[in-house]
Amino acid sequence: MYFRCAQLQIVFEKMSETNVENKVERAAHNKSVSLPMSRVRLIMKSSPDVSCINQEAIFLTTKATELFVQHLAMSSYNNGSGKDTNTLSYSDLADTAEDTETFQFLTDILPKKILARDYLKSLQELEEDDDN
């Protein structure tokens, strides 16, 4: 009985993994976007170097941003601890940003969380090292 339950659980996990990957694949080929293009336009126009923006450029930037976020989420989900519970946590994202070479530019944006007492302790140790 236990062996049968374990087999069913493995089959279910594989089905859910391929289901998530299939959804991501379909979203990548979809012509619509889920991020608001007006917000992307506003962010792009906030740069002083940009004077006018083509509608196609806004669409491509929005779509590329969506695909990047999906790739980051899938990498974090596949490498994270929430795979058992079908969840994605901040720590999964931070670990992926730190461990994966392609996402290391995000380590400043997604730092690992530390407790305040640990941070204060490390600051105190740095001050002691500077004094010596």
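As recorded in an unreviewed UniProt entry, the chain goes by Chromatin accessibility complex protein 1 and comes from Pygocentrus nattereri. UniProt lists a comment for the chain under the heading Function (unreviewed entry), and it reads "Forms a complex with DNA polymerase epsilon subunit POLE3 and binds naked DNA, which is then incorporated into chromatin, aided by the nucleosome remodeling activity of ISWI/SNF2H and ACF1. Does not enhance nucleosome sliding activity of the ACF-5 ISWI chromatin remodeling complex." As its UniProt record puts it under Subcellular location (unreviewed entry), the chain is described as follows: "Nucleus".

1. Side note on the packing of aromatic side chains
According to the stated counting rule, one finds two aromatic pairs in the structure shown. Arranged with centres 6.1 Å apart and planes meeting at 40 degrees, the rings of F68 and F105 form a pair that is tilted. Residue F68 is located in helix α3 (residues 55–79), and its partner F105 is located in the loop between α4 (90–99) and α5 (116–131); the two are separated by 37 residues in the primary sequence. Its relative accessible area of 52% is what places F105 among the exposed residues. Members of the aromatic cluster, each reached through a chain of ring pairs, are F68, F103 and F105. Between the NZ or CZ atom of K113 and the centre of the ring of Y90, over which it lies, the distance is 4.9 Å.

2. Some words on the side chain of S75
Mapped onto the secondary structure, S75 falls in helix α3. Excluding residues within four positions of it along the chain, S75 makes contact with T96 and F103.

3. Some points on the pattern of salt bridges
One pass over the structure, following the stated rule, counts three salt bridges. One salt bridge in this structure joins K63 and E66, with 4.0 Å as the shortest N-O distance. Note that K63 and E66 are positioned in helix α3 at a spacing of three residues, about one turn of the helix. Residue K63 shares its accessibility class with E66, and that shared class is buried. As a salt-bridge pair, K112 and D95 come within 3.1 Å of each other at their nearest N and O atoms. Taken together, the residues K112 in the loop between α4 and α5 and D95 in helix α4 connect sequence positions 17 residues apart. Residue K112 is classed as partly exposed on the basis of its relative accessible area, which comes to 41%. Residue D95 is classed as partly exposed on the basis of its relative accessible area of 28%. Connected through shared salt-bridge partners, D95, E98 and K112 make up one network.

About the thresholds
- Residues numbered from 1 in each chain as written.
- Predicted model: local features only at pLDDT ≥ 70, side-chain atom pairs only at ≥ 80, totals over all residues.
- Heavy atoms only, no water.
- UniProt positions renumbered as here; feature names shortened; annotations may be inferred.
- Phe/Tyr/Trp six-rings, centres within 6.5 Å; stacked < 30°, edge-to-face > 60°.
- Helix = DSSP H or I, 4+ residues; strand = E, 2+ residues; numbered from the N terminus.
- Buried < 20%, exposed > 50% of the residue type's maximum accessible area, 1.4 Å probe, protein only.
- Lys NZ or Arg CZ within 6 Å of the ring centre and 35° of its normal.
- Contact = heavy atoms within 4.5 Å.
- Salt bridge = Lys/Arg side-chain N within 4 Å of Asp/Glu carboxyl O.

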